[in-house]
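Residue-level listing of the chains:
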Amino acid sequence: MKTVLSVIPLFFLLCSCYNEKELPESDLSVGLYVEVGGQSLSRTVTGTDGSVTFADGDRVGLFSEGLENPVLWTFADSRWSNADNVKWQNRTDDFEFLAYYPCINMSGVTRHSVPMPDLSEQSGDIADIGEKDFLVGRCISSYSDNDGVVSFSGDNSFSHVCSLLYLNIVSDGPESEVTLSECEFSGEGIVTPHVYSFDSSSMEKSDSEEASVLQIKDLSSLSSIAVIINPVSLETPLRFTLVYFRDGSKYEASASLGKDFPAATFSKVTLRIVNGSLVMTGNEVRDWNIVTLDDIVLIGSSM
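## Section: the overall build of the chain
Here is step 1 of the chain: A count of helices and strands for the chain gives zero helices and 28 strands.
Here is step 2 of the chain: Residue burial in the chain is summarised as follows: out of 303 residues, 50% are buried.
Here is step 3 of the chain: Considering only intrachain contacts with a sequence separation of at least 6, the fraction spanning at least 24 residues in the chain is 68%.
Here is step 4 of the chain: Accessible surface for the chain amounts to roughly 14000 Å². Of this, 45% is attributable to carbon and sulfur atoms.

Here is the structure:
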C-alpha cells in the first residue's frame, strides 16, 4: 500500500441491459463514483492525517439489487475491472447498490453476512491499516439521476466501520536512543471476529470465540503504532502495555486508554518519553471523527 496525498476519484464501468426500456448503445456504460467519509478520496488510512488511497490488488465487493451475492471488482493499472457484468435493468426505476472493502473472499458471501478482516493479527504499521479498515457504502440511484453514474458520495459515501488507534512515540532527549520492542492492547472483545450485515447496517459476532487481546511482537522498525479495533464501549478501560529499550536498558510501561471507542473514530495519541516516563497526550485528527484523550503519565519500570 502506498501513501498518496493526491485526491483520486474512483470510477467503475458497469453494463446496461437490453429490454423494453432499452438504453441507447452509447449508454451501455455506467460510472460509479466513490468517496470515503465524505472526502473524494479512496481506500483507507495510509498517513497520520487520515489520507487514503487504493493500491493495485485491492478488492471491492458490490451488491446490485436482485443479486444475492456480490460482484468482485479489482484495482489494477489505475482502473477497476470485474469478470461479471453488473446490469442496469432500466433507466427509470431506483435501484439499491451496496458495496464494501476489503472483499476478502467470495465463497458463501451474502448481503446478510459479509466477512470482516481478522483484527487479531496486526503489524502496528500505519501502511498496513488498509488491510484491516472495513468500509461500507449504500446508494439508491436510477440511471436518470446522474446520467448513469451511481455515486457513493456525500451522505452515501463509504464509511469506516471500526475504530483506529494511532500511538506516536517520541523522546524529549535526542541524546537518548529509544527502540520499541513489543506491545499489547487488552479490552473485552476488541478483536473478536465479526461479519457485517447490510440488513441491519451493523456488525454481528461470528461463531468464533471472544478475542480480547491484541499483541504485536516486533515493533523494532517502528516509531509509532497503528491498530484497528472493534467499536466498543468497555466496562474496564482498554489497557495498553509497551515494552521498549532506552540506552540499552529494557523498560515496560502500561496505561488505561479509555472505555469508549465508537465506530469511525480516530484516536491519535502521543507518547512522550520524559526522564524515564511516558507522557500520553491526545491530538485532534482530520477525516475520521476527532477524539481527544486526557493526558496520561506512564512510568517506565526496568525489566
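## Some remarks on the side chain of S181
Here is step 1 of the chain: When you line up the elements, S181 lands in strand β15 (residues 178-186).
Here is step 2 of the chain: Residue S181 is classed as buried on the basis of its relative accessible area, which comes to 15%.

## Brief notes about the confidence of the model for the chain
Here is step 1 of the chain: Model confidence for the chain is summarised by a mean pLDDT of 75, while 68% of its residues fall at 70 or above.
Here is step 2 of the chain: The low-confidence segment residues 1-30 (pLDDT under 50) makes 76 contacts with residues lying over four places distant or belonging to another chain.
Here is step 3 of the chain: Confidence over residues 282-287 falls short of pLDDT 50; this stretch has 22 contacts with residues more than four positions distant or in other chains.

## Description of the sheet that holds strand β10 (residues 114-115)
Here is step 1 of the chain: Taken together, the three strands give an open sheet; going across it, the order is β10-β16-β17, and neighbouring strands pair in antiparallel fashion. Because the sheet does not close on itself, it has two edges, and the strands there are β10 and β17 (202-205).
Here is step 2 of the chain: Across four bridges, the pairing between strand β16 (residues 194-197) and β17 is antiparallel. Bridge pairing in β17 places Y196 opposite M203.

## A word on the side chain of D133
Here is step 1 of the chain: Its location among the elements puts D133 in the loop between β10 and β11 (135-141).
Here is step 2 of the chain: Here the side chain of D133 touches H160 through a polar contact of 2.8 Å, side chain to side chain.

## Quick notes on the nonpolar core
One broad rule of soluble globular proteins: the nonpolar side chains tend to lie buried together.
Here is step 1 of the chain: Formed by 49 residues in total, the largest nonpolar core has its most connected members in Y100, F185, Y196, I225, L238, F240 and L242.
Here is step 2 of the chain: At the level of secondary structure, the elements contributing two or more residues to this core comprise β9 (95-101), β14 (163-171), β15, β18 (213-216), β19 (224-229), β21 (239-246) and β24 (265-274).
Here is step 3 of the chain: I225 has contacts with G124, L165, Y166, L167, L180, C183, F185, I216, L219, F240 and L242, leaving out every residue within four places of it along the chain.
Here is step 4 of the chain: V71, W73, F95 and F97 belong to the second largest nonpolar core, which has 14 residues in total.

How each quantity is defined
Residues numbered from 1 in each chain as written. Predicted model: local features only at pLDDT ≥ 70, side-chain atom pairs only at ≥ 80, totals over all residues. Heavy atoms only, no water. Helix = DSSP H or I, 4+ residues; strand = E, 2+ residues; numbered from the N terminus. Buried < 20%, exposed > 50% of the residue type's maximum accessible area, 1.4 Å probe, protein only. Contact = heavy atoms within 4.5 Å. Areas by Shrake-Rupley, 256 points an atom, 1.4 Å probe, with all protein chains shown as cover. pLDDT = per-residue confidence, 0-100. Pairing = 2+ DSSP bridges. Polar contact = N/O pair within 3.5 Å; in protein donor to acceptor, adjacent residues only side chain to side chain. Core = buried A, V, L, I, M, F, W, Y, C linked by side-chain atoms within 4.5 Å.

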